[in-house]
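In case you want the letters, here they are:
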Amino acid sequence: MRNQAQPAVETAFLNVQNAAAYLGISVNTLYIWRHRRQGPPSFRMGPGGRVMYRRDLLDAWLLEQQEADSRSNPVLNPLNKQSEARSRRRAVR
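Parameters and conventions
- Residues numbered from 1 in each chain as written.
- Predicted model: local features only at pLDDT ≥ 70, side-chain atom pairs only at ≥ 80, totals over all residues.
- Heavy atoms only, no water.
- Helix = DSSP H or I, 4+ residues; strand = E, 2+ residues; numbered from the N terminus.
- Pairing = 2+ DSSP bridges.
- Axes fitted to C-alpha atoms, helices over the stretch in contact; angles between N-to-C directions.
- Contact = heavy atoms within 4.5 Å.
- Buried < 20%, exposed > 50% of the residue type's maximum accessible area, 1.4 Å probe, protein only.
- Polar contact = N/O pair within 3.5 Å; in protein donor to acceptor, adjacent residues only side chain to side chain.

Positive phi is not limited to glycine here, since R37 has a value of about 60°. Among the structural elements, R37 can be located in the loop between α2 (27-36) and β2 (43-45).

To continue, consider the sheet that holds strand β3 (residues 50-54). The strand order β1-β3-β2 describes an open sheet built from three strands, whose pairing is antiparallel. Looking at the sheet topology across the chains shown, the edges are occupied by β1 (13-15) and β2. Recorded for the sheet is a direction-independent mean angle of 55° between the axes of neighbouring strands. As paired strands, β2 and β3 are joined by three bridges and run antiparallel to one another. Paired with M45 across the bridge in β3 is R50. Taken strand by strand, helix α1 (residues 16-23) contacts β1 and β3, and its axis lies near 100° from that of β1.

Turning to the pairing of β3, a few remarks are in order. Bridge count between β1 and β3: three bridges; the pairing is antiparallel. Directly across from L14, in β3, lies its bridge partner Y53. Connecting β2 to the next strand, β3, in antiparallel fashion are four residues, including G46 with a positive phi near 85°.

Further remarks concern the side chain of N15. Within the secondary structure, N15 is located in strand β1. N15 gets classed as buried once you look at its relative accessible area, which sits at 14%. At a separation of 3.3 Å, a polar atom in the side chain of N15 contacts the main-chain amide nitrogen of Q17. Of the polar contacts made by the side chain of N15, one reaches the backbone nitrogen of N18; its length is 2.8 Å. Not counting the four nearest positions on each side in its chain, N15 is found in contact with R50, V51, M52 and Y53.

Structure follows, in structure tokens:
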């Protein structure tokens, strides 16, 4: 048998601790987002109702966040918009 390192198995589902680590945030932040229904989609799995996150949905949510930010999406950057013509108004005397 060869003595090679086996690649780590990437799971499709992450618990809260692993999802927080994957996103680079604290577990508490992830719980707050879940409570406020602001963060990535999650669900309860199993008889104990353990909160889980799908890795593909975390990636999709991160992409949505990136596209919604004007610093990373040139379409939303106000500096990339053409200036609008200003109407000239005469002062009323």
